[in-house]
Amino acid sequence: MPDQTGLEIQGLEVRYGPVQAVRGVSLRAEPGTITAILGANGAGKSSLMKAISGLAPASAGRITLDGEDITKLSPHERARRGLSHALEGRRLFHRMSVEENLRVAWDFRNRGGGFKTVADRVYEQFPMLTARRNTPAGMLSGGQQQMVILSAALIHEPRYLLLDEPSLGLAPVIVQQIFGFIESVCRERRTTIILCEQVAAIALRVAHAGCVLRRGQVVRSGEAAALAADPTLSAAYLGG
Amino acid sequence: MHFVLQLIFSGVCVGAVYALIAMGLSLTFWTTRTLNFGQGSLLMTASVATVALLGAGMPIAFAVLLGVLLAGGLMIVAERIAIRPLLKAGDSMGWVVSTLGLGIFLQGFVSTVFGSQAIAFPSLVFDSLDFVDLAGVQVSSQYLAVLGLSLTLMVAMELFLRRSAWGRAVRAVSHDADAAALAGIPVRRVIVLSFVASGVLAGIAGVMVAQITGTVDPGFGFNLMVLGFVAAVFGGMGNTAGALVGGVSLGVIEKLVGGYVSTAAEHGMAFAILMVILAIRPQGLFGRKEFTKV
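With an unreviewed UniProt entry as reference, chain B is termed Branched-chain amino acid ABC transporter permease, source organism Azospirillum doebereinerae. UniProt's Subcellular location (unreviewed entry) comment on chain B is quoted here verbatim: "Cell membrane".

As annotated in an unreviewed UniProt entry, chain A is ABC transporter ATP-binding protein from Azospirillum doebereinerae. UniProt, in the comment section headed Sequence similarities (unreviewed entry), describes chain A in these words: "Belongs to the ABC transporter superfamily."

Written as structure tokens, this is what we have:
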């Protein structure tokens, strides 16, 4: 395994035609930590995540992963370098079964070894998925879908994980469970996680560091505890 | 009684070929959300090339193989020049014109080289007069071989899509290309693969139809593609069972109308069915509604 020096973003910009979604964002995710990206709807969080994973081309700036410049790589090449991205809005393959979703996630990224062992570990982690392994993923509840997405994104033990709004549309008790799982992934597997959230309180509870985006720019960043204690934080959001 | 059974049987056989073309069309429809209207002319080019190669003295198996591979290869070209550049242009429907244009070009090219009249297509395995006796009904060996081969190909295709990593990748890209790319799937290569598979299916379908009709001409591919398209819409774009039921129903209806009404009405049936389906059940018999999420 190469040296983990973290994920570093310098002066990143993303444009959709005349609209500039991300303007000169620089940030650094230390290995083995959780970084929360906060901000209101439309602040540029998803665009930033998509630029990191390669779905949205960066019009300027540099992204390095463990020292390697990945700015020009296509999404699947970044995925195979151990960067995993779970999209917003529970985008899994709805008409494929739970097992097929895991299988598709495994097929092109595995570094050898058997799929069965890996799948069994997922079912051990989330026993409620066992009975539904042959059910189309679109028929699952929101919480179960999120479990499938997380399991699929983590199936090849990536070094980096991007999570876009994992709490979206889920019941509070499920959100607790999901965030507990995210925290354990970081602690036990030493996975570096970047997660973006509109709900700052939940995200800052598990994160080590964080930053706040507003109109595509970083307006505040620092340790999670300091951000959580900052009384002016919510003003930055609501003004978003 | 025997007459109606004969008609139904030949309808089932040609219908199975329509189903192959329908499968090819829906394969590339789902990976790129475009319809390749050049498919028919690509298939025709492959059959004409097969005839030319046979005429040049090449062994049958070799000529057919080269013809089918040519269809697959031409599909790569079609994707590269008539579809990929137009998808970059955003939400335009320019691919309708470019694929149709490619088809017309190929048709014109073949007409110029080989002439626009029908060319005899030699019998490859069975003679058109060979038959076997099935429960008192005389069944053409050629038709039976066509049916067998079509069904085998469909099963093989279904197994490929369900059991192999590349097949699952084709389905994943059809569902959600972005999510597929994030799973490490090389989306571009998967799209090219879907076009090659579509071309190979169409190429084989073309050779089989040429075998039944005994001739090929520069226009036969386009008609065949239209029939495949109607079969796909009839059964619902994008699933093998739908393509098979759509193709076979279309084939049987055509042959029955041809046998009891007139052969001139036979070819109009496809369009009549298309109109009725689009009016009452646009998603097809087994289809799912296409959602656009905002």
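Engineer: Even after reading the chapter, I still don't get the overall build of chain B, so can you show me in this structure?
Structural biologist: On a plain count of helices and strands, chain B comes out with twelve helices and four strands. For chain B, whose C-alpha radius of gyration is 19 Å, the value lies close to the compact-globule estimate of 19 Å for 294 residues. The dimensions of chain B, computed from C-alpha atoms along their principal axes, are 55 × 45 × 35 Å. Counting contacts in chain B only where the partners sit at least 6 residues apart, residues at least 24 apart contribute 74% of the total.

Engineer: I keep staring at helix H5 (residues 142-154) of chain A and nothing clicks. Help me out?
Structural biologist: Three or four residues apart is the spacing at which side chains of an α-helix point the same way, because the helix has 3.6 residues per turn. Residues and elements named next belong to chain A. Between its first and last C-alpha atoms H5 spans 18 Å; for 13 residues at 1.5 Å apiece the expected length is 18 Å, and the two agree. Of all 13 residues that make up H5, ten are buried, and the element is covered over most of its length. Those residues of H5 that sit buried are Gln 145, Gln 146, Met 147, Val 148, Ile 149, Leu 150, Ser 151, Ala 152, Ala 153 and Leu 154. Those residues of H5 hidden inside the fold are in contact with strand E6 (83-86), helix H3 (98-107), helix H4 (115-125), strand E7 (160-164) and helix H6 (172-189).

Engineer: Hey, could you run me through the nonpolar core in this one?
Structural biologist: Soluble, globular proteins show a tendency: their nonpolar side chains are buried together. Counting 163 residues, the largest nonpolar core has Val 17, Ala 19, Ile 21, Ala 71, Ala 183, Ala 205 and Ala 231 of chain B as its most contacted members. If you tally residues by element for this core, the top one is helix H8 (residues 187-213) of chain B, at 14 residues.

Engineer: What should I look at first to understand the confidence of the model for chain B in this one?
Structural biologist: Atomic detail in the predicted coordinates should be set aside for any region of low pLDDT. Averaged over every residue, the pLDDT of chain B is 89; the share at 70 or more is 96%. Here the predicted complex carries an ipTM of 0.91, next to a pTM of 0.90.

Engineer: Even after reading the chapter, I still don't get the interface of chain A and chain B, so can you show me in this structure?
Structural biologist: Often, the extent of an interface is quoted as the loss of accessible area on bringing the components together. Chain A puts 20 residues into the contact, and the matching count from chain B is 16 residues. Tallied by class, the residues present in the side of chain A that touches chain B amount to nine nonpolar, four polar and seven charged.

Conventions and cut-offs
Residues numbered from 1 in each chain as written. Chains lettered and ligands numbered in written order. Predicted model: local features only at pLDDT ≥ 70, side-chain atom pairs only at ≥ 80, totals over all residues. UniProt positions renumbered as here; feature names shortened; annotations may be inferred. Helix = DSSP H or I, 4+ residues; strand = E, 2+ residues; numbered from the N terminus. Rg over C-alpha atoms; globule rule 2.2 N^0.38 Å. Contact = placed C-beta atoms within 7 Å. Expected span 1.5 Å × (residues − 1). Buried ≥ 20, exposed ≤ 12 C-beta atoms within 10 Å, placed from the backbone. Core = buried A, V, L, I, M, F, W, Y, C linked by C-beta atoms within 7 Å. pLDDT = per-residue confidence, 0-100. Nonpolar A, V, L, I, M, F, W, Y, C, P; charged D, E, K, R; others polar.

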